[in-house]
Amino acid sequence: MPLTVSQQCRAVLAYVKDQLLLPNSGVREALSDKVFTDRLDNNFVTLYGIFADELYGYRNDCLDQLVALIRVAALTWLQRPQELRDRDKWCELNPTWFQSNKMLGGVCYVDQYANNLEGIRAKIPYFKELGLTYLHLMPLFKCPEKNSDGGYAVSNYREVDPKLGDLEALKSLATELRRAGISLVLDFIFNHTSNEHEWAQKALARDSEKEAFYWIFPDRQVPSAFERTTREIFPDDHSGSFVQLPDGRWIWATFYHFQWDLNYSNPSVFSAMLGEMLFLANCGVSIFRFDAVAFIWKSMGTTCESLPEAHKIIRAFNSMCRIACPSVIFKSEAIVHPDEVVQYIDTYECQLSYNPLQMALIWEGMATRDASMLAQALERRHNIARGCSWVNYCRSHDDIGWTFSDDDALELGKKGNEHRRFLNSFFVNRWPGSFARGVPFQDNPRTGDCRISGTMASLAGLESGEWGAVERILLAHSIIMSTGGIPLLYLGDEVGQLNDYTYVNDPSKADDSRWVNRPPYPEERYKQRDDLDTLPGQIYNGIRHQIEVRKNTDEFYGGRLWGFRTHNPAVLGYQRPGTDSTVLCLANFSDHPSWVGAEVFQHMPRIVHNLVTDSSVDLEFGIHLKSHQYAWLRYKT
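The following refers to the structure shown. Just so we're clear, the structure is a prediction, and the values are computed from it rather than from any experiment.

### As for the nonpolar core
In terms of nonpolar packing, the biggest core is built from 200 residues, with Phe44, Leu137, Tyr264, Phe290 and Phe317 touching the most fellow members. Residues within four places of Phe44 in sequence aside, it is in contact with Cys9, Val12, Leu13, Val16, Leu66 and Ile70.

### Some points on the packing of aromatic side chains
Evaluation of the coordinates by the stated rule reveals 47 aromatic pairs. Between Tyr113 and Tyr526, the ring centres sit 6.1 Å apart and the planes meet at 80°, which makes this aromatic pair edge-to-face. Of this pair, Tyr113 sits in helix H5 (residues 110-114) while Tyr526 sits in helix H21 (residues 523-527), and the two are 413 residues apart along the sequence. Residue Tyr526 is classed as buried on the basis of its relative accessible area of 2%. Considering the side-chain rings of Phe190 and Phe317, the 6.0 Å spacing of their centres and the 70° angle between planes classify their relative orientation as edge-to-face. Residue Phe190 is found in the loop between strand S5 (183-188) and strand S6 (192-194), and its partner Phe317 is found in helix H13 (residues 308-324); the two are separated by 127 residues along the sequence. Neither residue differs from the other here; Phe190 and Phe317 are each classed as buried.

### Thoughts on unusual backbone geometry
Its identity as a non-glycine residue notwithstanding, Arg369 has a phi of 60°, on the positive side. Locating Arg369 in the fold gives a position in the loop between helix H15 (356-368) and helix H16 (372-381). The phi dihedral of His567 is positive, around 60°, even though this residue is not glycine. With respect to the element layout, His567 can be found in the loop between strand S18 (562-563) and strand S19 (571-577).

### Quick notes on H15
Taking 1.5 Å per residue as the helical rise, H15 with its 13 residues ought to reach 18 Å, and the 18 Å between its terminal C-alpha atoms agrees with that figure. Of all the 13 residues making up H15, twelve are buried; the element is thus mostly covered by neighbouring parts of the structure. Pro356, Leu357, Gln358, Met359, Ala360, Leu361, Ile362, Trp363, Glu364, Gly365, Met366 and Ala367 are the residues of H15 that are buried. Remark: Arg369 follows H15 within two positions and exhibits a positive phi of approximately 60°.

### Focus: the pattern of salt bridges
Side chains carrying opposite charge are able to pair once their charged atoms draw close together. Under the criterion given, the structure shown has 49 salt bridges. In this structure, Lys527 engages Glu523 in a salt bridge whose closest nitrogen and oxygen atoms are separated by 3.9 Å. A residue pair is termed a helical-turn pair when its members lie 3 or 4 positions apart in one helix, as Lys527 and Glu523 do in helix H21 at four residues. Overall, the relative accessible area of 57% leaves Lys527 in the exposed class.

### Observations concerning the packing of H15 against helix H18 (residues 416-427)
Where H15 contacts H18, the two axes come as close as 11 Å, and the packing angle between them is 75°. As far as their axial angle goes, H18 and H15 are roughly perpendicular. Only His419, Phe422, Leu423, Phe426 and Phe427 of H18 make contact with H15, whose side of the interface consists of Trp363, Glu364, Ala367 and Thr368. The residue inventory of the contact of H15 with H18, partitioned by class, reads six nonpolar, two polar and one charged.

Analysis parameters
Residues numbered from 1 in each chain as written. Predicted model: local features only at pLDDT ≥ 70, side-chain atom pairs only at ≥ 80, totals over all residues. Heavy atoms only, no water. Core = buried A, V, L, I, M, F, W, Y, C linked by side-chain atoms within 4.5 Å. Buried < 20%, exposed > 50% of the residue type's maximum accessible area, 1.4 Å probe, protein only. Contact = heavy atoms within 4.5 Å. Phe/Tyr/Trp six-rings, centres within 6.5 Å; stacked < 30°, edge-to-face > 60°. Helix = DSSP H or I, 4+ residues; strand = E, 2+ residues; numbered from the N terminus. Expected span 1.5 Å × (residues − 1). Salt bridge = Lys/Arg side-chain N within 4 Å of Asp/Glu carboxyl O. Axes fitted to C-alpha atoms, helices over the stretch in contact; angles between N-to-C directions. Parallel < 35°, antiparallel > 145°, perpendicular 65-115°, else oblique. Nonpolar A, V, L, I, M, F, W, Y, C, P; charged D, E, K, R; others polar.

Don't take any of this as a statement about function, it's just geometry.
Structure follows, in structure tokens:
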């Protein structure tokens, strides 16, 4: 009778342990550590099921690959600093630590915001003033000077860009942040490497081992077959999914021509990237943002996006972290259809995920003065797997794409592509009456596809001087603060930084309009942050007030949300239930005052408490909201 998968797993685990107990393994000490072996025993079944049973079991070197993986995990554990081991234990005892209403994220480019890592360290007092508990530093590893894609073309995962500092400076910063209560978040760019990475250079020189790390073909036959079902991502850079090498061969490059896709059908690629990840975990990284997760697995005849194997790869990485560094968690970046985004969110996969739909629909609501699409999305798509959280944001370092479902839009009488064209026109100031000053990104006349670049303030009307800009900014932030998840600020937006058009003067950035929303540190605006007579002061103090109220509102813990129908399309409503009270959140997207009638409040007490103004509100005759006003109304249940 053949062995069951469970029996196979136990037999293989015994074999792996025997191999690691050999004198030359270098990790025998880890096998005598009960903490490590307990984690290995608890998580090996997941790794085995994915790695050996589903992905690579057909290979005759599969067992050797598994031994090598666990050896890397054991070595990581043996080299892990005691302070990080203590953090591992604490996180295992508090697995939902990141769901706290006291969580607040910030994100920035090191060079743009603070020149270097030492500059970031010097800003820790300000981060504490703001209330940050999570700091995402945009890619900071060594990459080509010109072809860097903002740091997303990595040429060495273990070497910091010399202009920013070195590895010791990164480790020291991670330690200081952790002691200040701030988790360090870094990007893990694992779909591709720079064409200047050592692996890529060896592949270019026809090293057979490293050639197998990438998707390289001698002619167009196979690439053309793949491209029948894949889409172009950056048509301004190159057509299709492949680019030609100087020697005539063709290599897969989903994004820019200098970013070469890794071949995860080769288990050696998984092992190599695992080694890089665990190395960074021991440097003090708490959260990895997984870049371009949807693209990591390729299969002929498919779109090569969000395939089942992509999820298995991430789950295998997750199980390895549960063994070697269990305090580390993952954040997915999947700017795809909403039905696909949620598939990456799971305690066994990515515990955190960007919320691109909410972000896009906040802007959609501001353009249309109609919150219907956002209300529909919150009611239908907000609640996710238990033990996981959204990362909610108004804008990121990247462009804004309109990733809503066409079917959802049609239910509300909006035709998807037609509505996207309107939004693109509105946010690049091609629509009469637009307050926005965005810049088009990857405008594709052939397909009609386009995305939007711009800072929060410039898109909300501060740059154009339109009335209501400060109120729009605060309205948008009130939503990311209260819907459930980790609110994420692009640092500088809290003082109303504007678009930086000087990027066009830099040849390495001129062709990428996203640099318009990555301005340098707005020093003068930060100096004005305590002056309520200035626009930066009004924005900063408005956001700081939201942060403080959020921290003191237990109902905002976790992510559970109930929809609330206001019967006014301009007014968004949703509820955040607590133990013995609930907070009803309202937000008026109209440029004019709006009324919500008393009939929708019949299930609530007549008198409720507005947490925003710290005052009582009588709902007997409904509620009147000023233009762009928001309210957080607590009532006993």
